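An overview of the molecular structure
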Amino acid sequence: MSEPFSVPVTVRGYETDVQGHLNQAVYLNYAEHARWSLLHAAGISQSALIGSGVGPVALETTIRYKRELLAGDEVEVTCAFAWGGGKTFRIEQSVVKADGSVAAEITAVGGILDLEKRKLVADPAEVFKKLASDPGLFGLS
């Protein structure tokens, strides 16, 4: 698995529910923001993906809520890719509060979709290696 990449996020008041907690759906937005930030840092843009005829797809996402987040909380959202064989990969993410406690753990299974054939590509790691200026951010060499 690659070393975790991270991005800072401040919980905004409009993202909270009636109890004042971060709304459950917003955790998915934070995770997605971290994944796209990692792609950008590695040199992969949406236009490069589309131009190559591929796009990332989420196949499964699990969130484990561990601590509450409130408006104004400062967090780091981590993102690390784990590669196995086959057409899919895993993404492990954490939402970490300023005191170091973990507010949520997010695990996703993803793939790379061939936009013409509408099927997953056989080797998603090769796609990232080919498109990235820094594939090391994905734990690839």
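The name given to the protein in an unreviewed UniProt entry is Acyl-CoA thioesterase, with the source organism recorded as Streptomyces iakyrus.

A word on the overall build of the protein. A tally of regular secondary structure across the protein gives three helices and six strands. In the protein, the order of α-helices and β-strands from amino to carboxyl end is β-α-α-β-β-β-β-β-α. For 141 residues, the compact-globule estimate of 2.2 N^0.38 gives 14 Å, and the protein sits close to it at 16 Å. When the backbone C-alpha atoms are referred to their principal axes, the protein occupies close to 45 × 25 × 25 Å.

Those residues of helix α3 (residues 124–131) that sit buried are P124, A125, V127, F128 and L131. The buried side chains of α3 occupy one side of the element, clustering within an arc of 160 degrees when seen end-on.

In terms of strand pairing, strand β3 (residues 74–83) meets strand β4 (residues 88–97) through seven bridges, oriented antiparallel. Bridge assignment links A82 to a residue of β4, and that residue is R90. Joining the antiparallel neighbours β3 and β4 is a turn of four residues, in which G86 adopts a positive phi near 90 degrees. The loop that links β4 with its antiparallel partner strand β5 (residues 102–114) comprises four residues; one of these, G100, has a positive phi angle of about 90 degrees.

Along the polypeptide, E105 turns up in strand β5. With 78 residues separating them along the chain, E105 and Y27 place their C-alpha atoms 9.5 Å apart. The contact partners of E105, leaving out residues within four places of it in the chain, are T62, I63, R64, K66, Q93 and S94.

Let us look at the environment of L70. Looking at the secondary structure, you find L70 in the loop between β2 (54–65) and β3. We classify L70 as partly exposed; its relative accessible area is 34%. In this structure the C-alpha to C-alpha distance between L70 and A125, which are 55 residues apart in sequence, comes to 37 Å. If near-sequence neighbours (up to four positions away) are discounted, L70 is found in contact with V11, G20 and H21.

What counts, and at which threshold
- Residues numbered from 1 in each chain as written.
- Predicted model: local features only at pLDDT ≥ 70, side-chain atom pairs only at ≥ 80, totals over all residues.
- Heavy atoms only, no water.
- Helix = DSSP H or I, 4+ residues; strand = E, 2+ residues; numbered from the N terminus.
- Rg over C-alpha atoms; globule rule 2.2 N^0.38 Å.
- Buried < 20%, exposed > 50% of the residue type's maximum accessible area, 1.4 Å probe, protein only.
- Arc of directions from axis to C-beta.
- Pairing = 2+ DSSP bridges.
- Contact = heavy atoms within 4.5 Å.

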